[in-house]
Amino acid sequence: QASAAKRVALVIGNNDYTTLPNLNNAKKDAEGIAAKLRGLQFDVILRTNAGAQSISRALADFEKRIAKADVALVYYAGHGIEANGKNYLIPSDARIEVEDDLRFGSIDSQEFLHAMKRAGSPLNIVILDACRDNPLPRRTRSAARGLTIQAIPTGIKGTAIVYSAAPGQRSEDGPKGGHGVFTAALLRVLDEPGLILEEVFKKTARRVAASTNGRQDPWFNSSIKGDFYFKPPLPQSPLSNVSAYGTN
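About the cut-offs
- Residues numbered from 1 in each chain as written.
- Predicted model: local features only at pLDDT ≥ 70, side-chain atom pairs only at ≥ 80, totals over all residues.
- Heavy atoms only, no water.
- pLDDT = per-residue confidence, 0-100.
- Contact = heavy atoms within 4.5 Å.
- Phe/Tyr/Trp six-rings, centres within 6.5 Å; stacked < 30°, edge-to-face > 60°.
- Helix = DSSP H or I, 4+ residues; strand = E, 2+ residues; numbered from the N terminus.
- Buried < 20%, exposed > 50% of the residue type's maximum accessible area, 1.4 Å probe, protein only.
- Pairing = 2+ DSSP bridges.
- Axes fitted to C-alpha atoms, helices over the stretch in contact; angles between N-to-C directions.
- Parallel < 35°, antiparallel > 145°, perpendicular 65-115°, else oblique.
- Left-handed = near helix turned anticlockwise from the far one by under 90°.
- Nonpolar A, V, L, I, M, F, W, Y, C, P; charged D, E, K, R; others polar.

**Q** Could you clarify how one ought to interpret the confidence of the model for the protein chain in this entry?
**A** Should the pLDDT be low somewhere, the predicted coordinates at that spot are not to be read in detail. Residue-level pLDDT values for the protein chain average 87, and 87% of them are 70 or greater. Counting contacts from residues 138-144, a segment whose pLDDT is below 50, to residues more than four positions away or on other chains yields 16 contacts.

**Q** Explanation requested: the packing of aromatic side chains in the structure shown.
**A** Each pair of aromatic rings is reported with the distance of its centres and the angle of its planes. The full count for this structure, using the stated rule, is 4 aromatic pairs. Between Phe 201 and Phe 230 the ring centres are 6.5 Å apart and the planes differ by 80 degrees, which places this aromatic pair in the edge-to-face class. Taken together, the residues Phe 201 in helix H6 (residues 197-211) and Phe 230 in the loop between strand S10 (219-222) and strand S11 (242-243) connect sequence positions 29 residues apart. Take Phe 201 and Phe 230: they sit in the same class, and that class is buried. The structure contains a cluster of three or more aromatic residues connected by ring pairs, namely Phe 42, Phe 201, Phe 220, Phe 228 and Phe 230.

**Q** Would you explain the pairing of strand S7 (residues 123-129) in this entry?
**A** Across a regular strand the side chains alternate sides, sitting on one face of the sheet and then on the other. Most of S7 is tucked away, with 7 of its 7 residues classed as buried. In S7, alternate side chains face the same way, and those of Leu 123, Ile 125, Ile 127 and Asp 129 on one face and Asn 124, Val 126 and Leu 128 on the other are all buried. Relative to S7, strand S3 (residues 71-77) is paired through 7 bridges, and the arrangement is parallel. Looking at the pairing, Ala 77 lines up with Asp 129 of S7. The sheet contact formed by S7 and strand S9 (residues 158-163) spans 6 bridges and is parallel. Bridge pairing in S9 links Leu 128 to Tyr 163.

**Q** Whenever I open this one, helix H4 (residues 110-119) confuses me. Can you help?
**A** For an α-helix the count is 3.6 residues per turn, leaving residues at separations of three or four pointing the same way. Turning to H4, its buried residues are Gln 110, Phe 112, Leu 113, Ala 115, Met 116 and Ala 119. Looking one or two places after H4, you find Gly 120, whose phi comes out positive at around 75 degrees.

**Q** For this particular structure, what's the right way to read the packing of helix H5 (residues 181-189) against H6?
**A** Between two packed helices, what matters for the description is the angle formed by their axes and the separation of those axes. Packing of H5 against H6 brings their axes to within 9 Å, and their N-to-C directions diverge by 135 degrees. Here H6 runs oblique to H5, going by the angle between their axes. For the pair H5 and H6, the sense of crossing is right-handed. Across the interface between the two elements, Val 181, Phe 182, Ala 185, Leu 186, Arg 188 and Val 189 of H5 pack against Val 200, Phe 201, Lys 203, Thr 204, Arg 207, Val 208 and Ser 211 of H6. Here the residues of the contact of H5 with H6 sort into 8 nonpolar, 2 polar and 3 charged.

**Q** It is not clear to me how unusual backbone geometry should be interpreted in this structure. Could you clarify?
**A** In most cases, non-glycine residues show a negative phi, while peptide bonds are predominantly trans. For Gln 41, which is not glycine, the phi torsion reads 70 degrees and is therefore positive. On the secondary structure map, Gln 41 appears in the loop between helix H1 (26-39) and strand S2 (42-48). Notably, Asn 213 is not glycine yet its phi reads approximately 55 degrees, a positive angle. For Asn 213, a relative accessible area of 67% translates into the label exposed.

The following block contains the structure:
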């Protein structure tokens, strides 16, 4: 039944930016996540180095598809900036130089959750690998390192939000053309059979903390009541309960 559920994912990864520093891993991270999710029976909308119009159209398409879905998932890798209690995700063509540009040239991460709420999808997952140093050329006191932990909107159904690093921490990059530290760990765990959602992200967090000597500690916020498996437990063989000495 778990594998028969309709699953839809919107995956975005931006390496190349008009006014902000380019990144090493976001595009490769998004492509890796998209491939992994397709293998887990997700209908995937993938956008890389996406401008504002491309992201807006992809989000509209996503909202239509999840209206009839059982599981809705958003993954974003790229620049993200927290300012005045909001998390802004930056399109590749955005012209962002000062904090005031964020309101008009970027996307409030809550927009993904509002789309899920409007569509009424019963299970929602948002993964943000965007907790990097504030890249604004002219930084302000309110535009801080990393992302803030935002509240889950009232009225949305079961929702989990995953941040690649805790507030005040930065997400560490990997080698150019490879995967970032968080997504590399997630890709190793995502399709392990028999892990419920919380176990997937706890196991990912342990790998990230170990590989960064505790400098990066992913953060997980969930209102999901039941158990969700990206990959259900493998069916037991009739011989699995039989030992060399008989039935266990």
